[in-house]
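Chain residues, written in single-letter form:
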Amino acid sequence: MKKYYFSLAFLVGLLIICMTAKIKLFHVSNVPERILSNVPKRILYMDSPEGRLGNKMFQLAASISMAKEFDFDLFIDKRLAHMLHGFKPVESMLYGVGFPRIDTKHWITLDETKSPYKFNPYILNSVEKQLDVKLQGYFQSWKYFENITSTIRDLFTLSDEFKAAAYTIMENITTNYTKSVTFVGIHVRRGDTVSRYQYRAGARTPNVSYLLKSMDYYKSKYSHVHFIMCSDDPNWCHTKLTI
């Protein structure tokens, strides 16, 4: 039984933080002709100053769902747009619209960070009633986008560039195998999520027992199983998940 360990660094290599004095918005739409200056609808603006790729995926999924359900025109800022350029379908939806400034001081701001790691129905109820809305937070619940689940799955399809990189890694791993094997990927996120602060906020990570039972399940289901582990704490995985 073999296991492979990779740093999360290569998974988040597409993260590009581009900070300038000006704000560049990206219109999320299949109709590129509709830009901010002549949009007749209400505007939903997803502000995303913090967070990494996983956070950005939740933010985009939630904002697309709200815009569709409540008939808003959706705009996201450049930091969110740039981080999602590794997904081919998402790239086709983003149309850059540059403005020196966008004044959202008088908009209604709905801040999800006051209740992280769980669904807050107040956010959806409030969005529906407002004219123009700025969203802040991470929206880490599937309930924010359960009405467009299939759309979200289609959107988060990796671009050819990242697929090629992944295939290359897998080819290097499988070079020495002469018989058919089943690869099972295990993602172990630890880092700040195991801190006391994050725990009090509601963050939870799978324990060792859960991971080992999951591995046993696949070993019982397939005759030749090899696990590929991806984690920001490979030493922990090597120590705790040795089988």
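Before going into details, it helps to say that this report is about the structure given with it. (Residues numbered from 1 in each chain as written. Predicted model: local features only at pLDDT ≥ 70, side-chain atom pairs only at ≥ 80, totals over all residues. Heavy atoms only, no water.)

**Considerations on the environment of Ser159**
Alright, step 1. Structurally, the position occupied by Ser159 is in the loop between helix H5 (149–155) and helix H6 (160–174).
Alright, step 2. Note: C-alpha distance between Ser159 and Gly86 (73 residues apart in sequence) is 5.5 Å. (Helix = DSSP H or I, 4+ residues; strand = E, 2+ residues; numbered from the N terminus.)

**Here's the deal with the packing of aromatic side chains**
Alright, step 1. Inspection of every chain in the model, using the stated rule, returns 5 aromatic pairs.
Alright, step 2. Relative to Tyr218, the ring of Tyr217 lies with its centre 5.0 Å away and its plane at 80 degrees, an arrangement referred to as edge-to-face.
Alright, step 3. The exposure class assigned to Tyr218 is partly exposed, which follows from its relative accessible area of 32%.
Alright, step 4. Members of the aromatic cluster, joined through ring pairs, are Phe119, Phe139 and Tyr144. (Phe/Tyr/Trp six-rings, centres within 6.5 Å; stacked < 30°, edge-to-face > 60°. Buried < 20%, exposed > 50% of the residue type's maximum accessible area, 1.4 Å probe, protein only.)

**Points about the pattern of salt bridges**
A pair can form between side chains of opposite charge whenever their charged atoms are brought close.
Alright, step 1. Inspection of every chain in the model, using the stated rule, returns 4 salt bridges.
Alright, step 2. Between Asp192 and Arg189 there is a salt bridge, with its nearest N and O atoms 2.6 Å apart.
Alright, step 3. Classification of Asp192 as partly exposed rests on a relative accessible area of 38%.
Alright, step 4. By relative accessible area, which is 31% here, Arg189 ends up partly exposed.
Alright, step 5. Taken together, the salt bridges that share partners define one network made up of Arg189, Asp192 and Asp232. (Salt bridge = Lys/Arg side-chain N within 4 Å of Asp/Glu carboxyl O.)

**Overview of helix H4 (residues 121–129)**
Alright, step 1. Within H4, the full set of buried residues consists of Ile123, Leu124, Ser126 and Val127. Seen from one end, H4 has its buried residues packed into an arc of 165 degrees, which puts them on one side. In this structure, H4 carries Tyr122 and Lys129 as exposed residues pointing more than 90 degrees from its buried face.
Alright, step 2. A distance of 3.0 Å separates the backbone nitrogen of Tyr122 from a side-chain oxygen at the start of H4, and that oxygen is part of Asn120. (Arc of directions from axis to C-beta. Polar contact = N/O pair within 3.5 Å; in protein donor to acceptor, adjacent residues only side chain to side chain.)

**Considering the nonpolar core**
Alright, step 1. Within the largest apolar cluster, 32 residues are counted, with the highest numbers of intra-cluster contacts made by Leu44, Met66, Val127 and Leu135.
Alright, step 2. Listing elements by their share of this core, those giving two or more residues are strand S3 (42–47), helix H1 (53–70), strand S4 (72–77), helix H2 (78–83), helix H3 (88–93), H4, strand S7 (133–136) and H5.
Alright, step 3. At 8 residues, H1 tops the list of elements feeding residues into this core.
Alright, step 4. Contacts of Leu44, omitting those with residues within four sequence positions, involve Ser63, Met66, Ala67, Phe72, Asp73, Leu74, Phe75, Val127, Val133 and Leu135.
Alright, step 5. Listed in part, the 11 residues of the second largest apolar core include Val184, Val188, Val225 and Phe227. (Core = buried A, V, L, I, M, F, W, Y, C linked by side-chain atoms within 4.5 Å. Contact = heavy atoms within 4.5 Å.)

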